[in-house]
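Here's the letter readout for the chains.
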Amino acid sequence: MPVQMKLTRIIISEINENQVIYLREVDGDRQFPILIGLFEATMIDRRVKKHSSPRPLTHDLLVNAVEQLGGELDSVVINDLRDHTYFAVLRVRHEGRLIDVDARPSDAIAVAVTCDPALPIYVAEEVLESAAT
């Protein structure tokens, strides 16, 4: 059963290649970091701080395309951890079906915070257990 998480921290460093976001359990104390790229960290940070852009950016484009095609963004699920790499899906409702779209966690979370209201973020229990070790 996936565990609902929330984005609690974004660390952007100009001297490091990898940036860090932290997810924390909504109804608990577990948390873990995910290393992401500068572009994704900056996008997530801008959306969390409610900064807008005069033209749609990549994650806006994806949200707009899903909506224009009759879909509804549902949630993000980080569902696997293999060789120190997290895997996620962006869940989209379309014509009564729930469709899982493969995504990097950073992109899926950027889409989640682009939506208004933000999409819920879930992490598979086994991923949380693996991240803790």
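It should be emphasised that the depicted structure is a prediction, and the values quoted were computed from it without experimental measurement. Sequence order as written defines the numbering, with residues in each chain counted from 1. Only residues with pLDDT of 70 or above have their local features reported here, since the model is predicted, and side-chain atom pairs are shown and tallied only from 80 upward, although totals for entire chains, interfaces and linings are computed over all residues. The side-chain quantities take in all heavy atoms of the structure and omit both hydrogens and water.

Visitor: Could you give me a rundown of the nonpolar core, with the residues and numbers involved?
Guide: Grouped burial of nonpolar side chains is what soluble globular proteins tend to show. Remark: nonpolar core denotes a set of buried residues (Ala, Val, Leu, Ile, Met, Phe, Trp, Tyr, Cys) joined through side-chain atoms within 4.5 Å. Burial classes: relative accessible area under 20% of the type maximum marks a residue as buried, over 50% as exposed, and values in between as partly exposed (1.4 Å probe, protein chains only). If you look at the biggest cluster of nonpolar residues, it comprises 32 residues, and the most contacted ones within it are Leu23, Phe32, Ile34, Leu73, Ile78 and Val123. The contact criterion used throughout is that any non-hydrogen atoms of two residues lie within 4.5 Å. Those residues in contact with Ile34, other than ones at most four positions away along the chain, are Gln19, Val20, Ile21, Leu23, Ile78, Tyr86 and Pro105.

Visitor: I'd love a proper account of the environment of Ile44, names of residues and values included.
Guide: Within the secondary structure, Ile44 sits in helix H1 (residues 38–48). Since its relative accessible area comes to 0%, Ile44 is described here as buried. Residues Ile44 and Cys115, 71 residues apart in the sequence, show an inter-C-alpha distance of 11 Å. Among all residues touching Ile44, those that are not within four sequence positions of it are Leu7, Ile10, Ile21, Ile36, Ser106, Ile109, Ala110 and Val113. Put simply, DSSP marks the helices as runs of H or I at least four residues long and the strands as runs of E at least two long, and each gets a number from the N terminus on.

Visitor: Lay out the sheet that holds strand S6 (residues 97–103) with the relevant residues and their values.
Guide: In this analysis, strands are considered paired if DSSP registers two or more bridges between them. Spatially, S3-S2-S1-S7-S4-S5-S6 is the arrangement adopted by the seven strands of the open sheet, whose pairing is mixed. The open sheet has two free edges, formed respectively by strand S3 (31–36) and S6, since each of these has just one partner strand. Put simply, the sheet's adjacent strands are angled 35 degrees from each other on average, direction ignored. The pairing of strand S1 (residues 3–11) with strand S2 (residues 19–25) spans six bridges and is antiparallel. Among the inter-strand pairings, Met5 is bridged to a residue of S2, identified as Glu25. Here an angle of 0 to 180 degrees is reported between the N-to-C directions of two axes, which are lines fitted to C-alpha atoms, with helices fitted over the stretch in contact.

Visitor: Can you tell me about the pattern of salt bridges, naming the residues and giving the values?
Guide: Salt bridges, as used here, are contacts in which a Lys or Arg side-chain nitrogen is within 4 Å of a carboxyl oxygen on Asp or Glu. Overall, the coordinates contain ten salt bridges when judged by the stated rule. Note that Glu25 is salt-bridged to Arg30, the shortest N-O span being 2.9 Å. Judged by relative accessible area, which is 11%, Glu25 ranks as buried. Residues joined by salt bridges that share partners form a network here, namely Glu25, Arg30 and Glu125.

Visitor: How would you summarise the packing of aromatic side chains if you had to cite specific residues and measurements?
Guide: Note on ring pairs: Phe, Tyr and Trp rings are taken, using the six-membered ring of Trp, and paired if centres are within 6.5 Å. Classes follow the plane angle, with under 30 degrees stacked, over 60 edge-to-face and the rest tilted. Taken as a whole and judged by the stated rule, the model has one aromatic pair. Residues Phe32 and Tyr86 carry aromatic rings whose centres are separated by 5.3 Å and whose planes lie at 35 degrees to one another, so their mutual orientation is tilted. Residue Phe32 is located in strand S3, and its partner Tyr86 is located in strand S5 (residues 85–94); the two are separated by 54 residues in the primary sequence. Since its relative accessible area comes to 3%, Phe32 is described here as buried. Positioned above the aromatic ring of Phe87 is the side chain of Arg82, whose terminal nitrogen or guanidinium carbon lies 3.9 Å from the ring centre. Either the NZ atom of lysine or the CZ atom of arginine qualifies as a charge over a ring when it sits within 6 Å of the ring centre and within 35 degrees of the ring normal.

Visitor: Describe in detail the side chain of Ser75, supporting the description with residues and values.
Guide: Relative to the assigned elements, Ser75 resides in strand S4 (residues 72–82). A distance of 2.8 Å separates polar atoms of two side chains, one belonging to Ser75 and the other to Asp74. Among residues more than four places away in sequence, those in contact with Ser75 are Val89, Leu90, Arg91, Leu119, Pro120 and Tyr122. Think of a polar contact as two N or O atoms within 3.5 Å of one another; within protein, one of them needs to be a possible hydrogen donor and the other a possible acceptor, and neighboring residues in sequence only count if both atoms come from side chains.

Visitor: Residues and numbers for unusual backbone geometry, please.
Guide: Between Asp116 and Pro117 the backbone carries a cis peptide bond, its omega angle lying at 5 degrees. Position of Pro117 relative to the elements: it lies in the loop between helix H3 (105–114) and strand S7 (121–123). Its identity is not glycine, yet Asp83 carries a phi of approximately 50 degrees, on the positive side. Tracing the backbone shows Asp83 in the loop between S4 and S5. Of note, His84 is a non-glycine position whose phi angle comes to about 65 degrees, a positive value. If you trace the backbone, His84 turns up in the loop between S4 and S5.

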